[in-house]
Amino acid sequence: MPLELFLDLYSPPCRAIYIFAKKNGIPFEFRPVELGRGEHLKPEFLKVNPLGKVPALRDGDFLLAESVAILLYLSRKYQTAPYWYPPDLQARARVDEYLAWQHTAIQLPATNVYLCKSLLPHFSGQPVDTVRLDRLLGKLKPALQHLDQEVLAAKPFLATEQVSLADLMAFTELMQPTAVGCDLFRDWPRLAAWRARVEAALGPELVQDAHKLVLQPRDPRDAQQDPRLAQELVHRLQERLS
Amino acid sequence: MGLELYLDLLSASCRAVYIFARKNNIPFDFQFVDLLKGHHHSKEYIKINPLKKVPSLKDGKFVLSESVAILFYLCRKYSTPSHWYPPDLHTRARVDEFMAWQHTAIQMPMSRILWIKMLIPMITGEEVPDEKVEQMLAEVKNSMQLFEEKFLQDKMFIAGDHISLADVVALVEMMQPMGGNYNVFLSSSKIAEWRMRVELAIGPSLFGEAHDRLMRLAEWDSSTLDPMVKERICELLQKFK
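Residues numbered from 1 in each chain as written. Chains lettered and ligands numbered in written order. Predicted model: local features only at pLDDT ≥ 70, side-chain atom pairs only at ≥ 80, totals over all residues. Heavy atoms only, no water.

Asks: Where do I start with the packing of aromatic side chains in this structure?
Replies: Given two aromatic rings, one states the distance between the centres and the angle between the planes to describe the pair. Residues and elements named next belong to chain B. Across all of its chains, the model carries 18 aromatic pairs over all chains by this definition. Aromatic side chains Y18 and F30 sit 5.7 Å apart centroid to centroid with 75 degrees between the ring planes, which places their arrangement in the edge-to-face category. Separated by twelve residues along the polypeptide, Y18 in helix α1 (residues 12–23) and F30 in strand β2 (residues 29–32) bring together distant segments of the chain. Residue classification places Y18 among the buried residues on the basis of a relative accessible area of 5%. Residue classification places F30 among the partly exposed positions, given a relative accessible area of 34%. One aromatic cluster is present, formed by F98, W101, F147, F151 and W194 through successive ring pairs. If you follow R92 out to its NZ or CZ, it ends over the ring of Y85, 4.0 Å from the centre. (Phe/Tyr/Trp six-rings, centres within 6.5 Å; stacked < 30°, edge-to-face > 60°. Helix = DSSP H or I, 4+ residues; strand = E, 2+ residues; numbered from the N terminus. Buried < 20%, exposed > 50% of the residue type's maximum accessible area, 1.4 Å probe, protein only. Lys NZ or Arg CZ within 6 Å of the ring centre and 35° of its normal.)

Asks: Explain the UniProt feature "domain: GST N-terminal" (unreviewed entry) in chain B here, please?
Replies: Taking the UniProt record as the reference, the feature "domain: GST N-terminal" (unreviewed entry) is found at residues 1–82 of chain B. Helix and strand shares over residues 1–82 of chain B are 35% and 20% respectively, and the end C-alpha atoms of the span are 28 Å apart. (UniProt positions renumbered as here; feature names shortened; annotations may be inferred.)

Asks: Mind showing me how you'd approach the interface of chain B and chain A here?
Replies: Reports often express the size of an interface as the amount of accessible area lost when the parts come together. The interface of chain B with chain A comprises 32 residues on the first partner and 30 residues on the second. The junction of chain B with chain A conceals about 2,800 Å² of combined surface from both sides, 66% of it contributed by carbon and sulfur atoms. When the buried surface of chain B facing chain A is broken down by residue, F62, R76 and L89 of chain B rank first, second and third, together holding 18% of it. There are two salt bridges connecting chain B and chain A. In this structure, the connection of chain B to chain A is made through nine residue pairs in polar contact (both at pLDDT 80 or more). At the level of elements, β4 (62–65), α3 (67–77), α4 (89–124) and α5 (130–152) of chain B are the ones that each hand at least two residues to the side of chain B that touches chain A. If you tally residues by element for the side of chain B that touches chain A, the top one is α4 of chain B, at twelve residues. The class makeup of the residues in the side of chain B that touches chain A is 17 nonpolar, five polar and ten charged. (Contact = heavy atoms within 4.5 Å. Buried area = accessible area lost by both parts, 1.4 Å probe. Salt bridge = Lys/Arg side-chain N within 4 Å of Asp/Glu carboxyl O. Polar contact = N/O pair within 3.5 Å; in protein donor to acceptor, adjacent residues only side chain to side chain. Nonpolar A, V, L, I, M, F, W, Y, C, P; charged D, E, K, R; others polar.)

Asks: For this particular structure, what's the right way to read α5 of chain B?
Replies: All names here are of chain B. In this model α5 runs 31 Å from its N-terminal to its C-terminal C-alpha over 23 residues, within 8% of the 33 Å that 1.5 Å per residue would give. Among all positions in α5, only V133, M136, L137, V140, S143, M144, L146, F147, K150, F151 and L152 are buried. The first or second residue beyond α5 is Q153, which carries a positive phi of 50 degrees. (Expected span 1.5 Å × (residues − 1).)

Asks: What is the right way to read the sheet that holds strand β3 (residues 56–59) of chain A from this model?
Replies: Two modes of strand pairing occur in sheets, parallel and antiparallel, and in both the strands are linked by backbone hydrogen bonds. All names here are of chain A. If you walk across this open sheet you meet the four strands as β2-β1-β3-β4, and the pairing is mixed. With partners counted over all chains shown, the strands left at the sheet margins are β2 (29–32) and β4 (62–65), one partner each. Recorded for the sheet is a direction-independent mean angle of 20 degrees between the axes of neighbouring strands. The sheet contact formed by β3 and β4 spans four bridges and is antiparallel. Paired with D59 across the two strands is F62, which belongs to β4. Together, β1 (4–7) and β2 form the strand contacts of helix α1 (residues 12–23), whose direction differs from that of β1 by roughly 145 degrees. Along the sheet, helix α3 (residues 67–77) makes contact with β3 and β4, crossing β4 at roughly 130 degrees. (Pairing = 2+ DSSP bridges. Axes fitted to C-alpha atoms, helices over the stretch in contact; angles between N-to-C directions.)

Asks: For this particular structure, what's the right way to read the UniProt feature "domain: GST N-terminal" (unreviewed entry) in chain A?
Replies: Following the UniProt record, one finds the feature "domain: GST N-terminal" (unreviewed entry) at residues 1–82 of chain A. Helix makes up 35% of residues 1–82 of chain A and strand 20%. Its end C-alpha atoms lie 27 Å apart.

Asks: Would you explain the pairing of β1 of chain A in this entry?
Replies: In the case of a regular strand, side chains alternate between the two sheet surfaces. Residue and element names in this part refer to chain A. Covered by surrounding structure in β1 are E4 and F6 together with L5 and L7, the residues of both alternating faces. The pairing of β1 with β2 spans four bridges and is classified as parallel. In the sheet register, F6 faces β2, and the bridge partner there is R31. Examined bridge by bridge, β1 and β3 share three bridges and lie antiparallel to one another. Among the inter-strand pairings, L5 is bridged to a residue of β3, identified as L57.

Asks: What am I meant to see in the pattern of salt bridges here?
Replies: Oppositely charged side chains may form a pair once their charged atoms are brought near each other. Residue and element names in this part refer to chain B. Tallied over the entire structure, the rule returns 25 salt bridges over all chains. Measuring nitrogen to oxygen at the nearest pair gives 3.0 Å for the salt bridge that ties D34 to R213. Of this pair, D34 sits in the loop between β2 and α2 (43–48) while R213 sits in helix α8 (residues 204–215), and the two are 179 residues apart along the sequence. We note a salt bridge from D212 to R216, for which the minimum N-O separation is 3.0 Å. Among the residues examined, D212 registers a relative accessible area of 34% and is labelled partly exposed.

What follows is the structure, given as structure tokens:
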């Protein structure tokens, strides 16, 4: 049984893993998990990841959750090029530092912006709550400022002189709100330049391929397919964003 | 100048780093950054860590933040025994998996319990609305359940038969609500047993010492609180109303 990756390309960490596997020629079976249909909450998927989240990995009998853990696993098992997770003590520590920090500093607030701008309006049929959106963007601002003015002032990529797992994760996260009209790069020139560098390093075609889904406007008819699910999702989203 | 660790043991992340360094006899200078006095906002500390958070590590000119990164760095630099971060591909992945999950699933909610049950009432004189408290307690309960069912299961420790970084990080975070007299270990005998195993493996005296400041938080005179910190706490309370 080949490696299986359970992914929804609407999810930034899933895109990071997708890009990483493709870029490194890692053979895998793509197992789609449609978050919009609540597939991550169904019993079949919970057997793979009881945490009910994507991405997830299955390698024979071995199950693994958490994108950071999955990226590290793949880099070790398939012995990918050292720049992804550099062997030098301090360089590696910089990558670790970003991968730890980003959970609460980037992923959480960036996801909330995306949920407010795209997912909640899509499922509720209501227009975007712009007051709430501004508040949520405000929460992301200190992290973007830190990256633009402190981290990228000293080097071309987030951890070292070359692209690494840190850049990969950051890129797909920051693309999330950007893809739906909240351009996070607009006010931050170093971040914008970094984005271009990362895209070039990953390969523009691969980046485009991975982001095709999130860049497309959602079809409003999708939300009406299962009104009960839509209502449940709206309730969860309201709670999360309040 | 030797290794410096900038810490306040009130913070779970700091306790993890402190316990690990002491347990492995890693020599370091303990630089106390008093969170209750707002030292993390001082000009001197901002030079060390512009994000104003603890812990930070300073090794010569090299400055590192984030407890998980610091723990991995110490493991590697000081070649600590392999059980702390097992080399086996799958076992290591299990540790990585927990270390990633815990940021939002354990650390955040556990820390919030201390705020809502102890720090906010103590400092502002106001209680957080019951509804919000119930919501947060439910979140913690859910996390503890997932911890038991997915991460611990029937093993002695998270990675298997031996203690690893994951257990240290998990336990110090679950201890945080204790500062506010809230015990998350009561609901599961499996977790309570795991807790004892981890404390024993760390050493009860080191574990106790690391948690002393947290356990004495109730005795703290909140009138000495730095005004900037107090302001932030009052803002926090607004969010919960």
